[in-house]
Amino acid sequence: MRNPQKVQQFALAYFRRQIGPWRSTKDAALEDAIRRGDASRDRKTKVIFLTVPADIIERSIWVETHPGDNIVPLRVRPHLRLVE
């Protein structure tokens, strides 16, 4: 038996054309924009401003899982660090 779930994804775009990877949250897509220099964060209010023509697009997709699948939904992107 299948278990379809609707999932929202967000990505950075120029003129509605995707240029960044799909992310699970809008905040993650905004962080991509900041890293690329297409957005800035106000120091006082923490509001993020996108530069023109940058935009965040979104899509809904259906994901099918099967009983017994070893899938754990993550709401956040893990933080990685270099270990020497």
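For the structure itself, consult the block above.
Student: Help me understand the side chain of Asp 38, please; the structure alone is not making it clear to me.
Tutor: Along the polypeptide, Asp 38 turns up in the loop between helix H1 (26–36) and strand S3 (39–41). With relative accessibility at 8%, the residue Asp 38 sits in the buried group. A distance of 2.5 Å separates polar atoms of two side chains, one belonging to Asp 38 and the other to Tyr 14. Excluding its chain neighbours within four sequence positions, the residues that come into contact with Asp 38 are Leu 12, Tyr 14, Ile 19, Ala 33, Phe 49, Leu 50, Thr 51 and Ala 54.

Student: Explain the pattern of salt bridges here, please?
Tutor: Working definition: two side chains of opposite charge can pair if their charged atoms are close together. Evaluation of the coordinates by the stated rule reveals 5 salt bridges. Arg 16 is the salt-bridge partner of Asp 55, the closest N and O atoms lying 2.8 Å from each other. In this pair, Asp 55 sits in strand S5 (residues 54–65) while Arg 16 sits in the loop between strand S1 (3–14) and strand S2 (17–18), placing the two residues 39 residues apart along the sequence. Accessibility expressed as a relative area gives 56% for Arg 16, which makes it exposed. For the salt bridge of Arg 35 with Asp 32, the shortest nitrogen-to-oxygen distance reads 2.5 Å. With Arg 35 and Asp 32 both in helix H1 and 3 residues apart, the pair spans about one turn of that helix. The exposure class of Arg 35 is exposed, given its relative accessible area of 53%. Accessibility expressed as a relative area gives 7% for Asp 32, which makes it buried. Each member of the salt-bridge network shares a partner with another, and the members are Arg 23, Asp 32 and Arg 35.

Rules used in this analysis
Residues numbered from 1 in each chain as written. Predicted model: local features only at pLDDT ≥ 70, side-chain atom pairs only at ≥ 80, totals over all residues. Heavy atoms only, no water. Helix = DSSP H or I, 4+ residues; strand = E, 2+ residues; numbered from the N terminus. Buried < 20%, exposed > 50% of the residue type's maximum accessible area, 1.4 Å probe, protein only. Polar contact = N/O pair within 3.5 Å; in protein donor to acceptor, adjacent residues only side chain to side chain. Contact = heavy atoms within 4.5 Å. Salt bridge = Lys/Arg side-chain N within 4 Å of Asp/Glu carboxyl O.

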